[in-house]
Every structure is written in structure tokens, then in C-alpha cells.
Amino acid sequence: MAQYIMKGGRPLNGEVNVSGAKNAALGILAAAVMTDENVLIENLPDVRDINVMLDAIRELGATIDRIDRNTVRINASTVSGVDVHSENMRRIRASYYLIGALLGKYKRANVPLPGGCAIGARPIDQHLKGFRALGAECVVDGDKLSASAERLTGSHIYLDIVSVGATINIMMAAALAEGRTILENAAKEPHIVDVANFLNSMGASIRGAGTDVIRITGVPKLHGTEYSIIPDQIEAGTFMFASAITRGDIMVRNLIPKHMEAISAKLLEMGCIIWEFDDAIRVVGAQRLRPTNVKTLPYPGFPTDMQPQASTAMSLAKGTSVVVESIFENRFRYLDELARMGGISKVEGSTATITGVEKLKGAQIKACDLRAGAALVMAGLAAEGYTVLSDIEYIQRGYEHFEQKLRNLGAQIALVNSDEEIREFMRNTAD
Ligand code: UD1
């Protein structure tokens, strides 16, 4: 069983390059099956969720040519069915993107219902509302969803909840519907714009992505394209917070500063120094962070996927901070793990009150989901002594070369598979 072992207490210093955005890539890979022509995708992050999605597309019959770790060519002219079987698909939330993509192109899709991180109930009613408005019949049978339509027709859809997944999914199906779709109360996250740009590069007609009204004029078919995925906003934010948490000095390269505004603003409030460049941000951590308050909101608000990293920083701030999680109902479980390290917090419903401590102490802890896992690594790197983190498969789902990137910044971290390897790490890092 793979675990991370860390010896904390060293500020992280240096430069790190941000990989392609996992959540954009998941939508884009699904959308790549919507044409029979070649699609070349660059800046693909080499992480587990992406490889699961590629396997599912391969199982559908598409030809996948992995040119290198971060580049893939997909040709879906060989797709032979619309049944997604892969058991793995249940493990990733974004399996639902294949519904929109297959329904758009083939007017039929049979897909296992999504899994993903256990951070709440995460229904897909808004996705179904959209597909039904376009004329599809959607049947949930056990843990499988079947969607089919004689024809898809553009419609006026108002989302009751701002949903990233529903926005992308409906956009994909509507791209190949007949006529015009207006999607209101759409989510505005950077990866929605990226999937829209990708579809437009295939000949779709999608306007307004990035605002809360998206207008889609259906086209009869899509063509091949070459596309490079945007940098991962959440990975970038994780390294920015890593600098704050370890009192380091990190230049985070290959990001889009505009996407980072909520995160930069919060770090400034906490006392960090920030330099913004065209495609990089340098964060210098404060000697002792100031407390702050965070409420997670859809973009451009503070991302829920950065909430655990922010709470970890608050755990080390001088004073009391308050975090309100307004997107997912079950996203504070990692605070129990931080408590094992000496963190002090109290959770009431969707609010966590965090009292900063001077130092965290190394402990045996476990990752409870992807972003919480990354946040606990940050905690381990700041803590006194050794931390062993289990269940790190969550982290491998979404962070490319995580421990290597951290090691390049001076972190003492290793992936270990046995007690012997843990002892060896301790011998090698003994003072
Ligand atoms: C996506 C991201 C995830 C991120 C989240 C919010 C991917 C693969 N995942 O997840 O990392 O944390 O956006 O930024 O891109 N909801 C409903 N009904 C629906 C759909 C959503 O009630 O049909 C609710 C959800 O339970 C949640 C909220 O709406 O409370 C937002 O969810 P949504 O934006 O859809 O998140 P995901 O697309 O699942």
C-alpha cells in the first residue's frame, strides 16, 4: 500500500511548472469522441483520472495514440457502441461527460453513474434536466444511466443550481442538437471556457462560455482539431498555498494569473507577498500568517477545491479563521486528520472555525479525498517531525508528479510501499 512519508519543517523554495487542467481535460477527452476525424490533445496531465477516461474511450472502440505522456491523438471513427462498461469509470465523477458526448453524437448513451471523491451526495439531476429539455429520454436503472433521443432539439434551459458538470455536459449535447440552446445560470469556471473553446475548434458554435448565459447553435457534425489544455488552476493554487503554509518562496510558472485572483487575494490578506507576471505568480510566505475568512463559491469566488489547502494555512495562522463551505456538504473530514497533527477546529454544519496553532506535529494520517490529500501533504511538510500519509491514490488521481515537484522545491517527501522503506527514509533524513 503506497503512502507518503514526509519530514516537515523546511520552507519550500524554487520554481514549479503547473500541468494541464485535469477537470478541463476530462471534458475535452469525452468531447473528442464527438468527431470521426483525428483530434490531437496537448498539455494533458498524466494522472490517474485521465488514464481512466482514456481507457473508457478505448473500450468504446476509439483509437488512442499516446504520443507522449502529455499528448494524445484520438480517433473515434472506430467507436462501435455507446455502452460504457469500465468498472473504473465509477471511480471518477467525470464519467458523466461521456453521456453528453455520446448523446450528442450518437443520440444514445449507457453510462455507469459517477463516483469520485466522497465529498457529498453530488446528484446529477441538473444534467438530466438539460438532456430531457433537449428531447432525450433518461432512465436510471440501478447504477446505470441510459439516455436516448430520436433527435435532439435546442432548448431554453435554466439551471437551478450552478453546476460545472451540468454546464459542460449540456453544452456538449447541445453542440450537436438541431437549433439553438440557451443555457442560463451556467457555471463560469475556466475549464468550462476551455471545453467550449475546444468544441468551437471542432466547428461547434458556442458563445458566452465564461458568463452565466451560454448560447449554443447546433451544428450537424464536428471536425478534427489540435488543442492544448489550459493550466490547472487548482494545482497552481495548491503550490501557491504550499509557499504560504511552509513559509517558503515559490515561483509558480505556467498559470493564468486571472484564474488565480481569488487565491492571490486570500494569500495577500493572510500576509503573503505576491508578485504577478504574465504567466507566473511568485508567493513569499509570511513569518506567521494572519487569520482570515473564506466562503467557497462558484467561480470567480473562492474554489471549493482550494478549501482544504486554505484551512491548512489557517491552522497555522495567528488567530481564529472561519471557513464556510457552500458547495459540498461533506468536505471537512480532513480536519479530523489535521487534529491528529495538533490542528484545532470546530465544525458546525457547513462552517468550520479554525484556531491557528504555532506548529503542527507529524502524525500518521490518511487522505480522505483528492484536495484534502494535497492539503495534508502541505501540513506534513510544515509540521515538526515525520508524517505518514496513507490513501494517497486520491492524490494520484489529480496531481501530476506531485512528490517529484515538491522534492524539486526542497521538500523531504517520498512515496513508500513498506515499513522498511519508511525506516530507510528516516535514516536518510535523520539530523
Ligand atoms: C466539478 C469539479 C470538482 C469541483 C466542482 C465545483 C470536475 C470533474 N469536478 O465537480 O472538482 O469541486 O466542480 O467547482 O470538474 N449539483 C446538483 N445537481 C446536479 C449537479 C450538481 O445538486 O445535477 C450540486 C452538487 O451536489 C454541488 C453543486 O451542485 O453541491 C456543484 O456541483 P458541480 O459544480 O456540478 O460539481 P461537479 O461538476 O461534480
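Residues numbered from 1 in each chain as written. Predicted model: local features only at pLDDT ≥ 70, side-chain atom pairs only at ≥ 80, totals over all residues. Heavy atoms only, no water.

Asks: Go over the overall build of the protein with me, naming the residues and quoting the values.
Replies: For the protein, the helix and strand inventory stands at 14 helices and 23 strands. In terms of overall dimensions, the protein is globule-like: its C-alpha atoms have a radius of gyration of 22 Å, near the 22 Å expected for 431 residues. Its C-alpha atoms put the protein at 65 × 45 × 40 Å along the principal axes. Relative to all contacts within the protein whose residues are 6 or more apart in sequence, the contacts with residues 24 or more apart total 72%. Accessible surface, the protein as shown: approximately 16,300 Å² in total, 47% of it carbon and sulfur. Of the side-chain charges in the protein, 46 are positive and 50 negative, and the distance between the mean point of each set is 3 Å. (Helix = DSSP H or I, 4+ residues; strand = E, 2+ residues; numbered from the N terminus. Rg over C-alpha atoms; globule rule 2.2 N^0.38 Å. Contact = heavy atoms within 4.5 Å. Areas by Shrake-Rupley, 256 points an atom, 1.4 Å probe, with all protein chains shown as cover. Lys, Arg positive; Asp, Glu negative; His and termini not counted. Charge placed at Lys NZ, Arg CZ, Asp CG, Glu CD.)

Asks: Run through the packing of helix α5 (residues 164-175) against helix α6 (residues 190-201), naming residues and quoting values.
Replies: Here α5 crosses α6 at 10 degrees, and the two axes come no closer than 10 Å. On the basis of their axis angle, the class for α5 and α6 is roughly parallel. Between α5, through V164, T167, I168, M171 and M172, and α6, the contact on the second element is made entirely by H191, I192, V195, A196 and L199. (Axes fitted to C-alpha atoms, helices over the stretch in contact; angles between N-to-C directions. Parallel < 35°, antiparallel > 145°, perpendicular 65-115°, else oblique.)

Asks: With reference to specific residues and values, describe the sheet that holds strand β19 (residues 344-348).
Replies: The strands making up a sheet are joined through hydrogen bonds of the backbone, oriented either antiparallel or parallel. A sheet is described by the order of its strands in space; here four strands give the open sequence β17-β18-β20-β19, paired in mixed fashion. With partners counted over all chains shown, the strands left at the sheet margins are β17 (293-295) and β19, one partner each. Taking the axes of each pair of neighbouring strands and ignoring which way they run, one obtains an average angle of 15 degrees across the sheet. Across the sheet, helix α9 (residues 307-314) lies against β17, β18 (320-324) and β20 (351-355), angled at about 170 degrees from β18, the strand it touches most. (Pairing = 2+ DSSP bridges.)

Asks: Kindly report on the site of the ligand, identifying the contributing residues and their values.
Replies: The full set close to the ligand counts 22 residues, and Q126, S163, V164, D305 and I327 are the nearest of them. Here an oxygen atom of the ligand sits 3.3 Å away from a polar atom, N or O, in the main chain of P123. Between the ligand and S163, the relevant distance is 2.6 Å, taken from an oxygen atom to a side-chain nitrogen or oxygen of the residue. Counting residues per element, the shell around the ligand draws most heavily on helix α4 (residues 125-133), which supplies three residues. Taken together, the residues that form the shell around the ligand break down as ten nonpolar, seven polar and five charged. Each of two domains, domain 1 (3-18 + 231-429) and domain 2 (22-228), supplies a minimum of three residues to the shell around the ligand. (Near = heavy atom within 4 Å. Polar contact = N/O pair within 3.5 Å; in protein donor to acceptor, adjacent residues only side chain to side chain. Nonpolar A, V, L, I, M, F, W, Y, C, P; charged D, E, K, R; others polar. Domains from an automatic or database assignment.)

Asks: Run through the pattern of salt bridges, naming residues and quoting values.
Replies: Oppositely charged side chains can pair when the atoms bearing their charge come close. Scanning all chains against the criterion turns up 22 salt bridges. R151 serves as the salt-bridge partner of E178, at 2.5 Å between the closest nitrogen and oxygen. Remark: R151 occurs in the loop between β8 (144-148) and β9 (156-158) and E178 occurs in the loop between α5 and β10 (180-184); sequence separation between them is 27 residues. Overall, E178 belongs to the partly exposed group, its relative accessible area being 40%. The partner of R288 in a salt bridge is E358, with the nearest N and O atoms 3.9 Å apart. In this pair, R288 sits in the loop between β16 (280-284) and β17 while E358 sits in the loop between β20 and β21 (364-366), placing the two residues 70 residues apart along the sequence. Residue classification places R288 among the partly exposed residues on the basis of a relative accessible area of 24%. Three or more residues joined by partner-sharing salt bridges are found here, namely K22, D49 and R397. (Salt bridge = Lys/Arg side-chain N within 4 Å of Asp/Glu carboxyl O. Buried < 20%, exposed > 50% of the residue type's maximum accessible area, 1.4 Å probe, protein only.)

Asks: Talk me through the nonpolar core; I want residue IDs and the actual numbers.
Replies: In this structure, L29, I41, M53, I74, L98 and L199 are the most contacted members of the largest nonpolar core, which totals 82 residues. Take this core: its biggest share by element is eight residues, from α5. What I74 contacts, discounting residues up to four positions off in sequence, is L29, A32, E37, N38, V39, I41, L54, I57, A62, T63 and I64. (Core = buried A, V, L, I, M, F, W, Y, C linked by side-chain atoms within 4.5 Å.)

Asks: I'd like a description of the packing of aromatic side chains, backed by residues and values.
Replies: Scanning all chains against the criterion turns up six aromatic pairs. Centroid distance F198 to Y227: 5.4 Å. Interplanar angle 75 degrees. Geometry classified as edge-to-face. Of this pair, F198 sits in helix α6 while Y227 sits in strand β13 (residues 225-228), placing them 29 residues apart in sequence. Residues F198 and Y227 agree in their burial class; the two are buried. Geometrically, the ring pair formed by F239 and F402 is tilted, given 6.1 Å between the ring centres and 55 degrees between the ring planes. One end of the pair, F239, is in helix α7 (residues 233-245); the other, F402, is in helix α13 (residues 402-408), and 163 residues separate them in sequence. In terms of burial, F239 and F402 fall into one category: buried. Taken together, F239, Y399 and F402 form an aromatic cluster joined through their ring pairs. The side chain of R282 reaches across the aromatic face of W275, ending 4.5 Å from its centre. (Phe/Tyr/Trp six-rings, centres within 6.5 Å; stacked < 30°, edge-to-face > 60°. Lys NZ or Arg CZ within 6 Å of the ring centre and 35° of its normal.)

Asks: Can you explain the sheet that holds strand β11 (residues 205-207)? Please cite residues and give values.
Replies: Ordered in space as β9-β10-β12-β11, the four strands form an open sheet in which the pairing is mixed. Sheet topology places β9 and β11 at the edges, where each strand pairs with a single neighbour. Geometrically, the sheet is characterised by an average inter-axis angle of 15 degrees between neighbouring strands, direction not taken into account. Here β9 pairs with β10 via three bridges, running parallel. Counterpart to H156 in the pairing with β10 is I182. Across the sheet, α5 lies against β9, β10, β11 and β12 (213-217), angled at about 20 degrees from β12, the strand it touches most. Packed on one face of the sheet, α6 meets β11 and β12 and runs near 150 degrees to β11.

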